[in-house]
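# Inside the fold
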Amino acid sequence: MVRFKNRWLLVEFIDTSTADASAAKEPLSTRSLDGRLIYNALRDSVVTNFGDTGWGAVGMSLTVKYFSPTTNLCIIRVARDHHRIAWGAVTLLTGIHDVRVIPRVIHVSGTIKHAQLSAIAHNRDVIARFRTKLKNAALHHDSYDDYLARSTREIEALQD
């Protein structure tokens, strides 16, 4: 039996539309982005930048396994042999569904376990930054704790 070797990309999408004062869009975290929209944007980026040959290489193995609209964190699975094409397509991505974003690859892993651990650690860091920005952190303490518990369960439930 042959085991398929994968790479797991942990990507954060930084919203640039909130920094643009002339844009009348709401923040990325409140929009209804999901894994399907991210997958379609990745597919378009691969086809645009690497052509049909690039899409033929990564198309069968590329999947978006997790996306959190609260922290804009995404876990993407791709075949090991072609992970650099997917990484390049993520890096060259400028927008998802008319929302301008800057993708930042946080971690590349060979196993889902290490991608999960990095995602959980990154979620804790982002929530800690959210809490420091709030003046009344006690009011939002419960909602952030609930989110961390829920996202940790969702991330740990991911299967290969």
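Right above here is the structure, for reference.
Residues numbered from 1 in each chain as written. Predicted model: local features only at pLDDT ≥ 70, side-chain atom pairs only at ≥ 80, totals over all residues. Heavy atoms only, no water.

## Some details on the packing of helix α1 (residues 35–58) against helix α2 (residues 83–91)
Look at α1 against α2: their axes get within 9 Å of each other, and the N-to-C directions meet at 165°. In terms of their interaxial angle, α1 and α2 are classed as roughly antiparallel. When you trace α1 past α2, the crossing you get is right-handed. Together, Leu42, Ser45, Val46, Phe50, Gly54, Ala57 and Val58 of α1 and Ile85, Ala86, Gly88, Ala89 and Val90 of α2 make up the contact between the two elements. In the contact of α1 with α2, the residues fall into nine nonpolar, three polar and no charged. (Axes fitted to C-alpha atoms, helices over the stretch in contact; angles between N-to-C directions. Helix = DSSP H or I, 4+ residues; strand = E, 2+ residues; numbered from the N terminus. Parallel < 35°, antiparallel > 145°, perpendicular 65-115°, else oblique. Left-handed = near helix turned anticlockwise from the far one by under 90°. Contact = heavy atoms within 4.5 Å. Nonpolar A, V, L, I, M, F, W, Y, C, P; charged D, E, K, R; others polar.)

## Some words on the sheet that holds strand β3 (residues 73–79)
Spatially, five strands are ordered β2-β3-β1-β5-β4 in an open sheet, and the strand pairing comes out antiparallel. Whereas interior strands pair on both sides, the edge strands pair on one side only; in this sheet they are β2 (63–68) and β4 (95–96). In the sheet, strand β1 (residues 6–15) pairs with strand β5 (residues 99–109) via eight bridges, with the strands oriented antiparallel. Residue Glu12 lies in a different strand from β5, and its bridge partner there is Arg104. Packed onto the sheet, α2 meets β1, β3 and β5 and runs at close to 150° relative to β5. (Pairing = 2+ DSSP bridges.)

## Let's talk about the pattern of salt bridges
Applying the stated criterion across every chain yields a total of two salt bridges. Residue Arg104 pairs with Glu12 through a salt bridge whose shortest N-O separation is 2.9 Å. One end of the pair, Arg104, is in strand β5; the other, Glu12, is in strand β1, and 92 residues separate them in sequence. Of the residues examined, Glu12 reaches a relative accessible area of 9% and is grouped as buried. As a salt-bridge pair, Arg43 and Asp44 come within 3.7 Å of each other at their nearest N and O atoms. Among the residues examined, Asp44 registers a relative accessible area of 44% and is labelled partly exposed. (Salt bridge = Lys/Arg side-chain N within 4 Å of Asp/Glu carboxyl O. Buried < 20%, exposed > 50% of the residue type's maximum accessible area, 1.4 Å probe, protein only.)

## Here we look at unusual backbone geometry
Note: most peptide bonds trans; most residues except glycine with negative phi. The phi dihedral of Asn72 falls on the positive side, at around 55°, and the residue is not glycine. Summarising the element assignment, Asn72 is placed in the loop between β2 and β3. Look at Asp98: it is not a glycine, yet its phi comes out positive at around 65°. Within the element layout of this structure, Asp98 appears in the loop between β4 and β5.

## Observations concerning the nonpolar core
Formed by 23 residues in total, the largest nonpolar core has its most connected members in Phe13, Ile38, Leu42, Cys74, Ile76 and Ile96. Of all elements in the fold, only β1, α1, β2, β3, α2 and β5 reach the threshold of two or more residues within this core. The element best represented in this core is α1, accounting for six residues. Counting 15 residues, the second largest nonpolar core, distinct from the first, contains Leu10, Ile127, Tyr147 and Ile155. (Core = buried A, V, L, I, M, F, W, Y, C linked by side-chain atoms within 4.5 Å.)

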